[in-house]
Each structure stands twice: as structure tokens, then as C-alpha cells.
Amino acid sequence: MDVTVPAPAAVVRDFVNSFEPQTDEESWGTPAALQQWLADHEYSVGPDGLDALCLQRAKDLREGLRSLLMQHAGHEASHAAVERMQSVLASLAPMTSLGLGGTVLVSAGDTTFDLVVLRLLEAVRRCETAGIWDRLKACERSSCLWAYYDTSRNRSRRWCSMEGCGNVLKMQRRAARTSTGTARH
Ligand SMILES: [Zn+2]
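What counts, and where the lines are drawn
- Residues numbered from 1 in each chain as written.
- Predicted model: local features only at pLDDT ≥ 70, side-chain atom pairs only at ≥ 80, totals over all residues.
- Heavy atoms only, no water.
- Donors = N, O, S within 2.8 Å, 3.2 Å for Na, K, Ca; no water.
- Tetrahedral: all angles 85-135°; square planar, octahedral: opposite > 155°, others 65-115°.
- Helix = DSSP H or I, 4+ residues; strand = E, 2+ residues; numbered from the N terminus.
- Buried < 20%, exposed > 50% of the residue type's maximum accessible area, 1.4 Å probe, protein only.
- Salt bridge = Lys/Arg side-chain N within 4 Å of Asp/Glu carboxyl O.

> Could you give me a rundown of the coordination of the zinc ion, with the residues and numbers involved?
Working reference: metal with six octahedral donors, ideal angles 90 or 180 degrees; metal with four tetrahedral donors, ideal angle 109.5 degrees. Coordination of the zinc ion by the protein comes from Cys139 (SG), Cys144 (SG), Cys160 (SG) and Cys165 (SG), over a distance range of 2.3 to 2.4 Å. Around the zinc ion sit 4 donor atoms, and with donor-metal-donor angles ranging over 104 to 118° the site reads as tetrahedral. The motif formed by the donor residues of the zinc ion, counted along the single chain, is C-x4-C-x15-C-x4-C. Of this pair, Cys139 sits in the loop between β5 (136–138) and β6 (147–149) while Cys165 sits in helix α6 (residues 162–179), placing them 26 residues apart in sequence. Like Cys139, the residue Cys165 is buried in the burial classification.

As C-alpha cells, then:
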């Protein structure tokens with residue numbers, strides 16, 4: 001376990017990193033694969049199976065979250081992805097929050113998918129409460145898009161790694177500027 005990353009941030013990070021563009025590795029190839037992944041990641045998976053629609057909604061949720069994390073890193077977010085995530089959330093059974101020694105999120109539904117969403121929203125809420133939501137970011141490089149936790153003091157990290165993606169993108173931008181003749185300094 002990565003001790004530098006608080007647990008709720010790790011929940012969201014791992015959810016987003018279930019797809020790795022760099023290796024084109026999709027952990028959720030089928031509804032059964034998604035169900036297995038959830039079980040492996042300590043989500044309370046009910047006996048009900050997940051269908052193709054659940055799989056699509058889970059992916060929409062993941063890519064919407066990734067867009068939010070891109071924005072945290074100062075990159076352009078996909079509004080379309082965020083909208084798809086919003087419509088997944090809007091389609092869910094109503095959720096209520098109860099107070100008394102801490103807020104509890106309660107879902108009217110208790111399907112596996114409801115529980116997944118509930119757990120994610122709870123993790124996001126805990127990140128926000130702890131003031132660390134904006135430390136959770138996603139890399140800008142289109143072949144990477146890796147979600148990471150920025151532990152830097154001033155929360156300024158823009159890429160998963162400065163040596164890897166950060167350098168590649170900087171070189172690409174330099175090359176683009178040079179080729180259009182607008183290079184200065
Ligand atoms: Zn990267």
C-alpha cells in the first residue's frame with residue numbers, strides 16, 4: 001500500500017487507472033471482468049450480475065472523473081465526458097445524506113452498481129473534506145492519462161512524471177514552436 005496517498009484518494013485514483021492507454025490495457029473488457037475488478041478492489045459486490053449497460057455507465061463514470069482530474073492538473077477537460085458522467089449520476093436512484101457524528105450517504109438502491117457509485121462519491125466527499133481533492137490529477141499526455149496524487153508542497157505537478165511525460169510534452173511543444181517559426185528564447 002502506498003502510504004503517501006490517503007485512502008479515499010487511492011480509491012478514485014485506482015478506479016480511473018483501471019484503463020491504461022499507455023499499454024492499451026482495459027481491465028473492464030466485459031461485465032464479468034468489471035465484476036471481478038470490483039471484487040478485487042474491495043467494493044461490496046452483490047450477487048446481482050453486471051450487464052453491458054452497467055459496464056458502459058462505469059466507463060462513463062471513470063472517464064468523467066478522469067476529466068475532472070485533468071482539470072486539477074491544469075489541462076483541458078472533456079466537457080462531453082463530464083456530461084456523460086453527470087447523466088449516469090442523474091439516472092441513479094436518489095441518494096440522501098444523514099448527519100449525526102458524520103455524514104452517511106444512503107442510496108435508495110442497493111445494486112452492485114449503486115454501491116460502486118456510492119463508494120466513489122463518498123471517497124470524493126472525503127477528499128474534499130480533507131482539502132486534498134485538487135491533489136488528485138491526471139496526466140496530460142494522450143498516450144498516458146494516468147491518474148496520480150500530487151504530493152508536492154505547492155500542488156503544481158502537471159504530469160505523472162517530470163522525467164517521462166513532462167519532458168516528452170515539453171519537447172513536443174518546443175518542436176512545434178520551432179517549426180512554426182514562432183520560437184522565442
Ligand atoms: Zn503521464
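Read on for the rest.
> With reference to specific residues and values, describe the pattern of salt bridges.
Here the structure, examined in full by the defined rule, presents 8 salt bridges. Between Arg13 and Asp14 there is a salt bridge, with its nearest N and O atoms 3.1 Å apart. Taking relative accessible area as the criterion, Arg13 reaches 17% and is therefore assigned buried. With a shortest N-O distance of 2.8 Å, Glu26 and Arg62 are connected by a salt bridge. Of this pair, Glu26 sits in strand β2 (residues 25–26) while Arg62 sits in helix α3 (residues 52–72), and the two are 36 residues apart along the sequence. The class of Glu26 is partly exposed, set by a relative accessible area of 28%. Judged by relative accessible area, which is 2%, Arg62 ranks as buried. Several salt bridges converge on common partners, so that one network encompasses Glu26, Arg62, Glu63 and Arg66.

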